[in-house]
Amino acid sequence: MNKLQVVVSNQYDPFLNRAVEQYLTDNQEEDITTMYLWKNQQTVVIGYNQNPYSECNVKLLLDEGGHLMRRGTGGGAVYHDLGNINFSFIVDKSLYDVRKQLSVIQDALLSYGLQTEISGRNDLTYDGRKFSGNAFAKGQKNNLHHGTILIKTDGELMQRYLIVDKAKLLKNGVKSVASRVINLSEAVPELTSENIKQPLIASFEKVYGGKAEMLDFDTFIKNSEVQAIREHISSNDFLFGRWKQFKTTKKARFPWGGVEIALQIDEANAIIKDIQIASDCLEPETIKQAEQLLQGASTKSSPKYDSSNEIIGDIINLIYD
């Protein structure tokens, strides 16, 4: 019997909230589906493979008391504040169903008369504008699906901190990041990041057909493993380390996402001495595979790879064309 759990964070620390999410993903027992709701204060969240300096005005954000956080999933950079709420589904692999999980969000918003759509590679939209970006990761026992719900986010700060690739804007035919997204409070002024919580919990129970156990968030705060995760993901090395010397040599945008590549070539031995790949691709493991494949590869001929892997193929063609 599938057991349902709900966790609602009472803290706005992005590193603590992310640490709890990772702890649940790593340790949750079988046959459990958990919905986790959380909010971060003044935070830019970047994808696992993204270069922070290409995605965010890092110095400005930190000087103004904000936070930069790197998540464990792929996808692009987003801005969090207390005007938006974030959700995570931590689900036993055998029960994982992205459409079903998204239907929880859609059903909750229907209670406010909002008819929403699944759009693009990972978005929820209302009236053609994005209010929720989603990302995904596979764990050993559980899969993770998380995303945002923009309700009353500060659009001026979003534009102030985020750097948006002009190629991405042109692809979508829009002028700015703000014009691509919508705060749902524009459509329903009474909707807030607080009063959406109970409809989300009710929809979770409705969609999954059972009563959810409410877990006390304070028990996670005291957990030593959660605190160890928090310390790691908030470290400068994890956030910035390998990106400090990143110098883009190749750049392109593909249907699966954008990519920037930094190459160091050993001319004497005709090999790729070092490679770093920054991307908003939703498959961080594939980006890691591409780096491993190309590290030490000959510059005279491209390495062999599985031709069915479109992402790796596009990256190799970008480098060797």
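Here, the structure is the one placed above.
Residues numbered from 1 in each chain as written. Predicted model: local features only at pLDDT ≥ 70, side-chain atom pairs only at ≥ 80, totals over all residues. Heavy atoms only, no water.

Enquirer: So what's going on with the packing of aromatic side chains? Residues and values would help.
Expert: Evaluation of the coordinates by the stated rule reveals 12 aromatic pairs. On the numbers, 5.8 Å between centres and 50° between planes, the contact of tyrosine 79 with tyrosine 161 is tilted. Highlighted residues: tyrosine 79 in strand E5 (residues 78-80) and tyrosine 161 in helix H5 (residues 155-161), separated in sequence by 82 residues. By the burial criterion, tyrosine 79 is buried, and tyrosine 161 matches it. Each ring, one from phenylalanine 254 and one from tryptophan 256, has its centre 5.1 Å from the other, and the planes form 15°; the classification is stacked. In this pair, the class of phenylalanine 254 matches that of tryptophan 256, namely buried. Feature note: the residues Tyr23, Tyr36, Trp38, Phe217 and Phe220 constitute an aromatic cluster, connected by ring pairs. (Phe/Tyr/Trp six-rings, centres within 6.5 Å; stacked < 30°, edge-to-face > 60°. Helix = DSSP H or I, 4+ residues; strand = E, 2+ residues; numbered from the N terminus. Buried < 20%, exposed > 50% of the residue type's maximum accessible area, 1.4 Å probe, protein only.)

Enquirer: I'd like a description of helix H13 (residues 310-320), backed by residues and values.
Expert: Extensive coverage of H13 is indicated by the burial of eight of its 11 residues. If you check which residues of H13 are buried, you get Ile311, Ile312, Gly313, Asp314, Ile315, Ile316, Leu318 and Ile319. The backbone nitrogen of isoleucine 311 has a side-chain oxygen 3.3 Å away, supplied by the residue at the start of H13, namely asparagine 309. (Polar contact = N/O pair within 3.5 Å; in protein donor to acceptor, adjacent residues only side chain to side chain.)

Enquirer: Please give an account of the packing of helix H4 (residues 98-110) against helix H8 (residues 197-208) that cites residues and values.
Expert: It is the contact of H4 with H8, at a shortest axis distance of 8 Å, that shows an interaxial angle of 135°. With respect to H8, the axis of H4 lies oblique. Like other packed secondary-structure pairs, H4 and H8 cross with a definite hand, here right-handed. In contact with Lys100, Gln101, Ser103, Val104, Ile105, Asp107 and Ala108 of H4, H8 contributes Pro199, Leu200, Ser203, Phe204, Lys206, Val207 and Tyr208. Taken together, the residues of the contact of H4 with H8 sort by class into eight nonpolar, three polar and three charged. (Axes fitted to C-alpha atoms, helices over the stretch in contact; angles between N-to-C directions. Parallel < 35°, antiparallel > 145°, perpendicular 65-115°, else oblique. Left-handed = near helix turned anticlockwise from the far one by under 90°. Contact = heavy atoms within 4.5 Å. Nonpolar A, V, L, I, M, F, W, Y, C, P; charged D, E, K, R; others polar.)

Enquirer: Any details on the pairing of strand E9 (residues 129-138)? Residues and values, ideally.
Expert: Across four bridges, the pairing between strand E8 (residues 123-126) and E9 is antiparallel. Each bridged residue has a counterpart across the sheet, and for tyrosine 126 the counterpart in E9 is arginine 129. Once E8 ends, the chain turns through two residues before running back antiparallel as E9, passing aspartate 127 with a positive phi of about 55°. Of the pairings in the sheet, the one linking E9 to strand E10 (residues 142-150) comprises five bridges and is antiparallel in character. Along E10, the bridge assignment pairs asparagine 134 with glycine 147. Between E9 and E10, which pair antiparallel in sequence order, lie three residues. (Pairing = 2+ DSSP bridges.)

Enquirer: Lay out the sheet that holds strand E3 (residues 43-46) with the relevant residues and their values.
Expert: Reading across from one edge, E4-E3-E5 is the order of the three strands in this open sheet, with mixed pairing throughout. Because the sheet does not close on itself, it has two edges, and the strands there are strand E4 (67-70) and E5. Across this sheet, the average inter-strand angle for adjacent strands is 25°, counted without regard to direction. Lying over the sheet, helix H1 (residues 14-27) contacts E3 and E4, oriented at roughly 20° with respect to E4.

Enquirer: Got a sec to walk through the packing of helix H12 (residues 284-294) against H13? Specific residues and values, please.
Expert: At their nearest, the axes of H12 and H13 sit 9 Å apart, and the two run at 40° to each other. As far as their axial angle goes, H13 and H12 are oblique. For the pair H12 and H13, the sense of crossing is right-handed. Along the contact surface, H12 presents Thr286, Ile287, Gln289, Ala290, Leu293 and Leu294, while H13 presents Ile311, Ile312, Ile315, Ile316, Ile319 and Tyr320.

Enquirer: Got a sec to walk through the environment of leucine 184? Specific residues and values, please.
Expert: Inspection of the secondary structure assignment puts leucine 184 in the loop between helix H7 (177-180) and H8. Look at leucine 184 and you get buried, because its relative accessible area is 0%. It is 6.4 Å that separates the C-alpha atoms of leucine 184 and leucine 150, two residues lying 34 residues apart in sequence. Dropping the residues within four chain positions of it, leucine 184 is found in contact with Leu109, Leu114, Tyr126, Phe131, Ile149, Leu150, Ile151 and Leu191.

Enquirer: So, the pairing of strand E13 (residues 257-266): which residues are in play, and what are the values?
Expert: For a regular strand, side chains alternate in direction, first toward one face of the sheet and then toward the other. The element E13 is largely enclosed, with a buried count of eight among its 10 residues. Here strand E12 (residues 250-254) pairs with E13 via five bridges, running antiparallel. Bridging from a neighbouring strand, arginine 253 pairs with glycine 258 of E13. As consecutive antiparallel partners, E12 and E13 are separated by two residues. Pairing of E13 with strand E14 (residues 271-279) involves eight bridges; the strand directions are antiparallel. Directly across from isoleucine 261, in E14, lies its bridge partner isoleucine 277. From the end of E13 to the start of E14, which pair antiparallel, there are four residues, and alanine 270 there has a positive phi angle of about 55°.

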